[in-house]
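Reading the structure
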Amino acid sequence: MKAIINGRVLIPDRDGHFKIMSEHAVLYNEKIEDILPMRRFCQQQTEEILDAEGSYIGPGFINMHIHGCAGFDVMDNSHEALKNIGKYQAETGVTAFLPTTMTYDFPRIYKALDCIKDFVKNDDGKGAAVLGCHMEGPFINSERKGAQAAEDIAAADFAKIEKYKDVIRMITIAPEMLHDDCTFVEQCRKNNIIVSIGHSSADYDTAVKAIKEQGITHVTHLFNAMTPLHHRKPGIAGAAMDTNAYCELIADNVHVHPALQRMLYRAKDKDRIILITDSMRACMLGDGESELGGQKVFVKGQKAVLADKTIAGSVLTMDRAIANFAVNNNAGLPEVIELATKNPAQELGMYDRIGSIEKGKQADIVVFGEDVRIKNVIIKGQLFC
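Position labels on residues start from 1 in each chain and follow its written sequence. Totals for whole chains, interfaces and linings use all residues, but because this is a predicted model, local features are given only for residues with pLDDT of at least 70 and pairs of side-chain atoms are given and counted only at 80 or more. Water and hydrogen atoms were dropped before computing side-chain values, which therefore reflect all heavy atoms in the structure.

1. Side note on the layout of surface pockets
Here a cavity means grid points, on a 1 Å grid over the protein atoms only, where a 1.4 Å probe fits yet cannot get out; a pocket means an open set of points with protein on both sides within 12 Å along at least five of seven lines; lining residues are those with an atom within 4 Å of a point. Grid points are joined across faces, edges and corners, and a volume is the space filled by probe spheres set on the points. The calculated volume of the largest pocket comes to roughly 280 Å³. Lining the largest pocket we find 22 residues, and of these Gly146, Ala147, His199, Ala225 and Ile311 sit closest to its centre. Only Asp, Glu, Lys and Arg are considered charged, only Ala, Val, Leu, Ile, Met, Phe, Trp, Tyr, Cys and Pro nonpolar, and every remaining residue, Gly among them, polar. Looking at the lining of the largest pocket residue by residue, the class counts come to eight nonpolar, nine polar and five charged. Volume-wise, the second largest pocket comes out at about 180 Å³. The wall of the second largest pocket is formed by Arg169, Arg189, Asn192, Ile193, Ile194, Val195, Gly215, Thr217, Tyr246, Glu347 and Leu348. Tallied by class, residues from the lining of the second largest pocket come to five nonpolar, three polar and three charged.

Below is the structure:
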């Protein structure tokens, strides 16, 4: 048995929302064995003790949208890339993620999916776990392609991805390109694939119909690469806030202004907001030239752009996303942490296993300070750092 002591444990209250439990010890092996008051904690029963020294003890972060970091990209189609992305993500508190593909020709996409599928089977557990894949394209609208390759955009066709239905956990599409044919979405739902609106020119009515009637339950990087919020044309952004769809948010203060982040937090059910990074290989490398989807990217500070100044992905890490969002909303860390743990776990149908500090769940644990600087990371009961 192992233990973490002297920390502020974030655990769900009776309503399921995180609260701080002080003077408690977290006991774990591969799973969380118990959460005990310190007065009942017996040091002799443990083989390894980690002193949190007053820091927060929370569940590992889950990143549902990430292309790469630290010089590696999902589209490198290699175990080395996935392994290193997992390793560097873990350093920022992420214990599980969905490697995200981009719009490429299908042979290249299939290679990436094959690589992810094989990696999941052979993962050595020495980094953030791969939970499957997020396909961002190619079934999108060229009008809102962002940094995606226009020449590889295609019409939605489930037959083209059916072979990979066991590894694809989420797919981003433009619903207006379906032309009211719900077959694709229905097939995805039957195979437990989350369908998300993104890189889309859909108007408000089309987006609402897609969410309320067609079974699309998610919105990719809200406010970015979509019809904006306008007082006479609410667009996808308005539809996202006016329905129960899960909404991704890149909280780097570049993609979305802090004021919009505050409006979203007030307007939206907090259980339906999910913090992501959408980071690319330039993440964690500092300023300079990089690459995304075969295109040159130029990074300065927190902003990454293509040659034509189009914003391209991000260099955000999840610990900074949480810290930024908390500051922007003057919100407490317990409630903001849910946006990177509980919420994605619930949408993925995995909250019975990960996403919170509860007895019986997998021991994915992060110890961090008030500024969300990561001190320790535990993955499946093993100390990573």
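2. Here we look at the environment of Tyr110
Counting through the fold element by element, Tyr110 comes out in helix α2 (residues 106-122). Only protein chains enter the area calculation, which uses a 1.4 Å probe; residues under 20% of their type maximum are buried, those over 50% are exposed, and those in between are partly exposed. With relative accessibility at 25%, the residue Tyr110 sits in the partly exposed group. Residues Tyr110 and Ile5, spaced 105 residues apart in sequence, show a C-alpha to C-alpha distance of 46 Å. Going along the chain from the N terminus, every DSSP run of H or I of four or more residues is numbered as a helix, and every run of E of two or more is numbered as a strand.

3. Overview of the packing of helix α6 (residues 258-267) against helix α7 (residues 318-329)
When two helices pack together, their arrangement is given by the angle between their axes and by how far apart the axes lie. For the pair α6 and α7, interaxial distance at closest approach is 9 Å and the crossing angle is 80°. Regarding the angle of α6 to α7, the classification is roughly perpendicular. Seen from α6, the contacting residues are Pro258, Gln261, Arg262 and Tyr265; seen from α7, they are Phe325, Asn328 and Asn329. In this description, a line fitted to the C-alpha atoms serves as the axis of each element, helices being fitted only across the stretch in contact, and the angle between N-to-C directions of two axes falls anywhere from 0 to 180 degrees. Angles are sorted into four bins: roughly parallel if under 35 degrees, roughly antiparallel if over 145, roughly perpendicular if 65 to 115, and oblique for all others. By definition in these notes, contact holds between two residues if any of their heavy atoms fall within 4.5 Å.

4. Topic: the packing of aromatic side chains
Each aromatic pair joins two rings of Phe, Tyr and Trp (for Trp, the six-membered one) with centres within 6.5 Å, and gets the label stacked for planes under 30 degrees apart, edge-to-face for over 60, and tilted for any other angle. Under the criterion given, the structure shown has eight aromatic pairs. For the pair Phe106 and Phe139, a centre-to-centre distance of 6.1 Å together with 40° between the ring planes defines the contact as tilted. Of this pair, Phe106 sits in helix α2 while Phe139 sits in the loop between β11 (133-136) and β12 (168-173); the two residues are 33 residues apart in sequence, bridging distant segments of the chain. One aromatic cluster is present, formed by Phe106, Tyr110, Phe139, Phe158, Tyr164 and Phe184 through successive ring pairs.

5. What to know about the sheet that holds strand β17 (residues 288-292)
Where strands meet in a sheet, backbone hydrogen bonds hold them as pairs that are either parallel or antiparallel. Taking strand neighbours across the sheet as the criterion, the three strands line up as β17-β18-β19 in an open arrangement whose pairing is antiparallel. In the strand order of this sheet, the two ends are held by β17 and β19 (303-305), each with one partner. Averaged over all adjacent pairs, the angle separating strand axes in this sheet is 35°, with direction ignored. Where strand β18 (residues 295-300) meets β19, three bridges bridge the pair, whose relative direction is antiparallel. By the bridge assignment, Val299 is partnered in β19 with Ala304. Any two strands with at least two DSSP bridges between them are considered paired.

6. Section: the pairing of β18
By the bridge criterion, five bridges tie β17 to β18 in an arrangement that is antiparallel. Within β18, the position partnered with Glu289 by the bridge is Phe298. In this structure, the hairpin formed by β17 and β18 is closed by a connection of two residues, where Gly293 is found at a positive phi of approximately 60°. If you look at the hairpin formed by β18 and β19, you'll find two residues sitting between the two strands, and Gly301 has a positive phi there, around 65°.

7. A word on empty space enclosed by the protein
Enumeration over the complete set of coordinates arrives at one cavity of 30 Å³ or more. Looking at the largest cavity, its volume works out to about 30 Å³. Lining the largest cavity are Lys83, Gly86, Phe119, Asp123, Asp124, Lys126, Gly127 and Ala128. The class makeup of the residues in the lining of the largest cavity is two nonpolar, two polar and four charged.

8. Some points on the nonpolar core
Side chains of nonpolar character tend, in soluble globular proteins, to be buried together. What we call a nonpolar core is a set of buried Ala, Val, Leu, Ile, Met, Phe, Trp, Tyr and Cys residues that are connected through their side-chain atoms within 4.5 Å. Counting residues in each nonpolar core, the largest one holds 114 residues, and the members touching the most others are Phe61, Ile171, Ile322 and Phe368. At seven residues, α2 tops the list of elements feeding residues into this core. Sequence-distant contacts of Phe368, defined by excluding residues within four places in its chain, comprise Leu10, Ser55, Tyr56, Gly58, Phe61, Leu333, Ile337, Arg373, Ile374 and Lys375. Counting 15 residues, the second largest nonpolar core, distinct from the first, contains Val9, Val26, Ile35 and Ala52.

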